[in-house]
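# An overview of the molecular structure
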Amino acid sequence: MAENKRQHFVPQVLQRCFSTNLKSIGEYLIEADSCFITSIASTAQIPNFYKVNEQDRTSIEKVYGNIETCVGPILKRIQERDIKLKDEEVECLFLLV
């Protein structure tokens, strides 16, 4: 099984809501006082961010992966202005916060 070392502290599914092409996003670096476009895959991530130990990291990644799978289609519908959500969809969105 491939080891996923890059973990996003801002889920990619959420970043895509602010992207025009679903692949890149604007980023602002406070230290450099500069803005630029960067890949969603490479922003808001830190290697081994969720690593407590090998077993915990895997379980945390799996939970977040399941949340992103659940939330992705809901966020897409919201962006398309289809915002009549079912109760279970609203509950799923609360998992992000």
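This structure is a prediction, so every number in the text was calculated from the model and none was measured.

For the rest of this paragraph, the subject is the overall build of the chain. Within the chain, the regular secondary structure consists of three helices and four strands. Element order for the chain, N to C, with α for helix and β for strand: β-α-β-β-β-α-α. The burial tally for the chain puts 24% of its 97 residues in the buried class. For the chain, the proportion of contacts with a sequence separation of at least 24, taken over those separated by at least 6, is 53%. By element, 58% of the accessible surface of the chain is carried by carbon and sulfur atoms, the whole surface being about 7,300 Å².

Next up on the list: the nonpolar core. Membership of the largest hydrophobic core is limited to seven residues, which are V13, I67, V71, I74, L75, C92 and L93. Broken down by element, the residue count for this core peaks at four residues, all from helix α2 (residues 54–79). Residue contacts for V13: discarding those within four places in its chain leaves E68, G72 and L75.

Before going further, it helps to spend a moment on the pairing of strand β2 (residues 24–29). With six bridges joining them, β2 and strand β3 (residues 34–39) adopt antiparallel strand pairing. Each bridged residue has a counterpart across the sheet, and for G26 the counterpart in β3 is I37. Count of turn residues in the β2/β3 antiparallel hairpin: four residues, of which D33 carries a positive phi of about 50°.

Okay, helix α3 (residues 87–94) next. For α3, the set of buried residues is E89, C92 and L93. The buried residues of α3 all sit within an arc of 100° when viewed along its axis, so they share a single face. Facing away from the buried surface of α3 by more than 90 degrees, the exposed residues are D87, E88, E91 and F94.

Okay, the environment of R16 next. Looking at the element boundaries, R16 is found in the loop between α1 (12–15) and β2. As for R16 and K76, which are separated by 60 residues in sequence, their C-alpha atoms are 9.2 Å apart.

Another point: a nonpolar patch on the surface. A cluster of nonpolar side chains, F9, V10, I46 and F49, forms an exposed patch at the surface whose accessible area comes to about 320 Å². Mapped onto the elements, I46 comes out in strand β4 (residues 45–47). Overall, I46 belongs to the partly exposed group, its relative accessible area being 36%.

Cut-offs and rules
- Numbers given to residues run from 1 along each chain, matching the order in which its sequence is written.
- Predicted model: local features are reported for residues with pLDDT of at least 70 only, side-chain atom pairs are reported and counted for 80 or more only, and whole-chain, interface and lining totals are derived from all residues.
- The side-chain values count all of the structure's non-hydrogen atoms but skip hydrogen atoms and water molecules.
- What counts as a helix is a DSSP run of H or I of at least four residues, what counts as a strand is a run of E of at least two, and both are numbered from the N terminus.
- Only protein chains enter the accessibility calculation, which uses a 1.4 Å probe. A residue is then buried if its area is under 20% of the maximum for its type, exposed if over 50%, and partly exposed in between.
- For this analysis, residues touch if any pair of their heavy atoms sits within 4.5 Å.
- Residue burial considers only the protein chains on display, and all accessible areas are found by Shrake-Rupley using a 1.4 Å probe.
- To define a nonpolar core, start from buried Ala, Val, Leu, Ile, Met, Phe, Trp, Tyr and Cys residues and group those joined through side-chain atoms within 4.5 Å.
- Only strands joined by at least two bridges in the DSSP assignment are considered to pair.
- Here, the arc refers to the directions that run from the helix axis to the C-beta atoms.
- To count toward a patch, a residue needs a relative accessible area over 30% and no salt bridge; like charges are then connected within 9 Å, while nonpolar side chains (Val, Leu, Ile, Met, Phe, Trp, Tyr) are connected within 5 Å.
- Put simply, a salt bridge is a Lys or Arg side-chain nitrogen that is within 4 Å of an Asp or Glu carboxyl oxygen.

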